[in-house]
Amino acid sequence: MSHDSYIQLKSVSKKYSRGGEDLIVLDQLDLNIPDGDYAALMGPSGSGKTTILNLVGGLDVPDSGVVTVAETEVSSIPTRQLPAWRARHVGFVFQSFNLLPVLTAHENVMLPLQLTPLSAADRKKQADFALEIVGLSDRAGHRPSQLSGGQEQRVAIARAIATDPDVIIADEPTGDLDRNSADEILELLNRLNEELGKTILMVTHDPAAASNARRILKLDKGHLVSDEINRQASGQTQGEA
Amino acid sequence: MNFPVRLALRHVFSNKTRNGLTILAITIAVFLLCFLLAVVRGIDAGVRSASSTRLVTQSAVSLFVSLPMSYRPKIDAQDAVTIASEFRWFGGYYQDPANFFPQFAVNKDRFVDMYVKDFEIIEGPNGITGPGAREAVKKAFATEKRAAIIGMGLRDDEKYNFQIGDTVPIIPAIYQRADGGAWDYVIVGIFKPLKARIPDKIMYFRSDYLNDSIDSGEAFGEVAAGVYYVNIDQGSQSEIIATSIDQDFLNGPQRTQTVTEAAFASFFVSAIGNLPLFLGTVGGAVLFSIFFSVVNAMLIAGRQRLKEAGILQALGFPPITSCLLLIIEGLAVALIGGALGLALAIGTQDLVVLNFGDSIRNYEIDSGLILLAISTSSILGITAGLCAGIPFLRYRPTEALRSLG
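Residues numbered from 1 in each chain as written. Chains lettered and ligands numbered in written order. Predicted model: local features only at pLDDT ≥ 70, side-chain atom pairs only at ≥ 80, totals over all residues.

### As for the overall build of chain A
- Within chain A, the secondary structure is distributed over eight helices and ten strands.
- In terms of overall size, chain A behaves like a compact globule, its C-alpha atoms giving a radius of gyration of 18 Å where 241 residues would be expected to give roughly 18 Å.
- Taken over 241 residues, chain A has a buried fraction of 49%.
- Contacts in chain A between residues at least 24 apart in sequence constitute 67% of all its contacts with a sequence separation of at least 6. (Helix = DSSP H or I, 4+ residues; strand = E, 2+ residues; numbered from the N terminus. Rg over C-alpha atoms; globule rule 2.2 N^0.38 Å. Buried ≥ 20, exposed ≤ 12 C-beta atoms within 10 Å, placed from the backbone. Contact = placed C-beta atoms within 7 Å.)

Laid out in structure tokens, this is it:
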């Protein structure tokens, strides 16, 4: 499937109430991300980066404007149907990994697959495959507490791709990791984008992490202040291709 | 095992200290509930098993005032009365005051016929058993003045081990013998109670043995009947007959008060206060307080699961999944505790009967109590899980993900 704007935000506004005052987080924001793109969202705290992720991932709804993902107007999906939509279309990678500590790596990866109509055997196969992609087949039976931070994040990525979603949303995926582990994760995200064609939207404060993305979007006070093609990453891709 | 159940069970065993203590509290509560209700039901069983065709005539003044022997023919003469027998409390013991069991002086010609439906004679003279035993015992009871019929508990309990033909000395507490000795009774029959109100450690002996001994000066006391047990025709109106009996003795040496056997049995229960209500209240209070502690434990579990709820929602699970997980967890904790409490109650049943069987009669953890314990535990767990889980229905995933849970 290919669309000019795979992820599209049209005149999206969002405000939160804090201490009785309205805090405008996004103000009439327009954003277009094509299918298969890898975009990094950067900006100071409170600039609206995570809010964009939440809106695109259907975790939150805009006060006004339209959010469209793969030609589906996410902002008009009834709240009750949003979880099912998320399960089919979006994979989340969080800064603090957010694995369930009582489950093994394999069981964590199996979690989103519970919502699919696949048979138990196919789910297992799919989870095995996802763990293989992230290079953790040998850690499948380990619990999160028995894994390093980098391994935990790789399991989280395996969980995010287990259902083969269209979009991967990564919120500071390297924020809690040391440099080596962060590089491994970024390399993995590159592969997901280049080899599996996943559209990736990543929030990061880390310029090194952002340099892996093909586009770098900068936000400030709810406005998109810059939208740059990262020639280095694009060139790499073109070169490899 | 499907996903929610597996995940909920992982949570049950992941926080061993908190859930272990909660399970222990439920175990104790369910054990106490079973124990107290078994005691209450045992007491009630005695009242419930009272015959609907039997009246008890006692002194209108007090149960401790004996009625005269002369009343029986007049009671017998009442319409609808089939048979009546005196029943007099003896209150002795065997060898040691600790070896106490009830003994009653009854009519030698009427008692066995009167209790056809209440006990089954299982052994008579010369080792006779089976259908002929009742007649043989009746005959022996009418022939041997010192004859006594005992419940099977006095045969089976090693402390007594009374057998047919044994002469059993009973030391009197009320009717002292002039020679200062014990009263000797010869065992002629052993019965198995068919009604819960009849204990299996009890002895019936002939009232004329007692009265004749008093009359001849061999023993001290008063020649009297105690109370009268009166069998009436099936279908007759007990209240009318009772009133009629009492009317007959309105101007006699002792006025009477005639009540149904059930009312008479209730009198003994109420004499020690409303024990069933008291025990039931204690059991209910224990359960009620445990309920709050389980709810509290589940609320703590709920707070710790807030982030998990956010993760599950982000992955595409509806909010009700987290609510359901807490309900399953609450149910699992409560059922484990309930099962352990039930196992403890069943496991200690023989011990309770062995040690307290004389005072806690008809103690049994029956299928009704098992069902009650399981259903109470289930309701407890589900309710506690609901209390913790319902708030999850209104959390938004972004809110839940921000929590520290």
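### Remarks on the sheet that holds strand S10 (residues 223-229) of chain A
All names here are of chain A.
- An order of S6-S7-S8-S3-S9-S10 is seen for the six strands of this open sheet, with the pairing classed as mixed. Looking at the sheet topology across the chains shown, the edges are occupied by strand S6 (90-93) and S10. Ignoring which end each strand starts from, the neighbouring axes of this sheet average 20° apart.
- Against the sheet, helix H5 (residues 149-161) touches S6 and strand S7 (167-171), its axis set at about 170° to S6.
- Packed on one face of the sheet, helix H6 (residues 179-195) meets strand S3 (38-42), S7 and strand S8 (199-203) and runs near 150° to S8. (Pairing = 2+ DSSP bridges. Axes fitted to C-alpha atoms, helices over the stretch in contact; angles between N-to-C directions.)

### A word on the packing of helix H10 (residues 275-304) of chain B against helix H12 (residues 320-347) of chain B
Residue and element names in this part refer to chain B.
- Running from N to C, H10 and H12 cross one another at 140°; their axes reach a closest spacing of 11 Å. As the angle between them shows, H10 and H12 are arranged oblique. Where H10 crosses over H12, the handedness of that crossing is right-handed. For the pair H10 and H12, the contacting residues are Val294, Met298, Ala301 and Gly302 in the first and Leu326, Glu329, Gly330 and Ala334 in the second. (Parallel < 35°, antiparallel > 145°, perpendicular 65-115°, else oblique. Left-handed = near helix turned anticlockwise from the far one by under 90°.)

### A closer look at the domain arrangement of chain B
- Taken domain by domain, chain B comprises domain 1 (3-46 + 274-402) and domain 2 (66-253).
- Spacing between the C-alpha centres of domain 1 of chain B and domain 2 of chain B amounts to 49 Å. (Domains from an automatic or database assignment.)

### A closer look at the interface of chain A and chain B
- Each side of the interface is counted separately: chain A has 16 residues, and chain B has 15 residues.
- Counting residues per element, the ones that place at least two in the side of chain A that touches chain B are helix H2 (82-89) and helix H3 (105-113) of chain A.
- Take the side of chain A that touches chain B: its biggest share by element is four residues, from H2 of chain A.
- Of the residues that constitute the side of chain A that touches chain B, the class distribution is eleven nonpolar, three polar and two charged. (Nonpolar A, V, L, I, M, F, W, Y, C, P; charged D, E, K, R; others polar.)

### Considering unusual backbone geometry
Residues and elements named next belong to chain A.
- Even without glycine at this site, Gln28 takes up a positive phi of about 50°.
- Here Gln28 lies in strand S2 (residues 21-33).
- Positive phi is not limited to glycine here, since Glu172 has a value of about 50°.
- Along the polypeptide, Glu172 turns up in the loop between S7 and H6.

### A few points about the packing of H10 of chain B against helix H14 (residues 367-389) of chain B
Residues and elements named next belong to chain B.
- Their axes nearest at 8 Å, the elements H10 and H14 cross at an angle of 40°. When the axes of H10 and H14 are compared, the pair comes out oblique. Relative to H14, the crossing made by H10 is right-handed. Here Leu287, Phe291, Val294, Val295, Met298, Leu299, Ala301 and Gly302 of H10 come into contact with H14, specifically with Thr376, Leu380, Ala384, Gly385, Cys387, Ala388 and Gly389.
- Per-class residue counts for the contact of H10 with H14 are eleven nonpolar, four polar and no charged.

### Some remarks on the pairing of strand S4 (residues 64-69) of chain A
All names here are of chain A.
- In terms of strand pairing, strand S1 (residues 7-18) meets S4 through five bridges, oriented antiparallel. The residue of S4 that forms the bridge with Lys10 is Val66.
- The turn linking S4 back onto strand S5 (residues 72-73) is made up of two residues, and Ala70 within it adopts a positive phi angle of 50°.

### Some details on H6 of chain A
Residues and elements named next belong to chain A.
- If you check H6, its first and last C-alpha atoms are 24 Å apart, about what 17 residues at 1.5 Å a residue would give, namely 24 Å.
- All buried positions along H6 are accounted for by Ala182, Ile185, Leu186, Leu188, Leu189, Leu192 and Asn193. Projection of H6 onto a plane perpendicular to its axis shows the buried side chains occupying an angular sector of 155°, all on one side. With respect to the buried face of H6, the exposed residues turned more than 90 degrees away are Arg179, Asn180, Glu187 and Glu195.
- Elements that come into contact with the buried residues of H6 comprise S3, H5, S7, S8 and helix H7 (207-210).
- With its phi angle positive at about 70°, Gly197 sits one or two positions after the end of H6. (Expected span 1.5 Å × (residues − 1). Arc of directions from axis to C-beta.)

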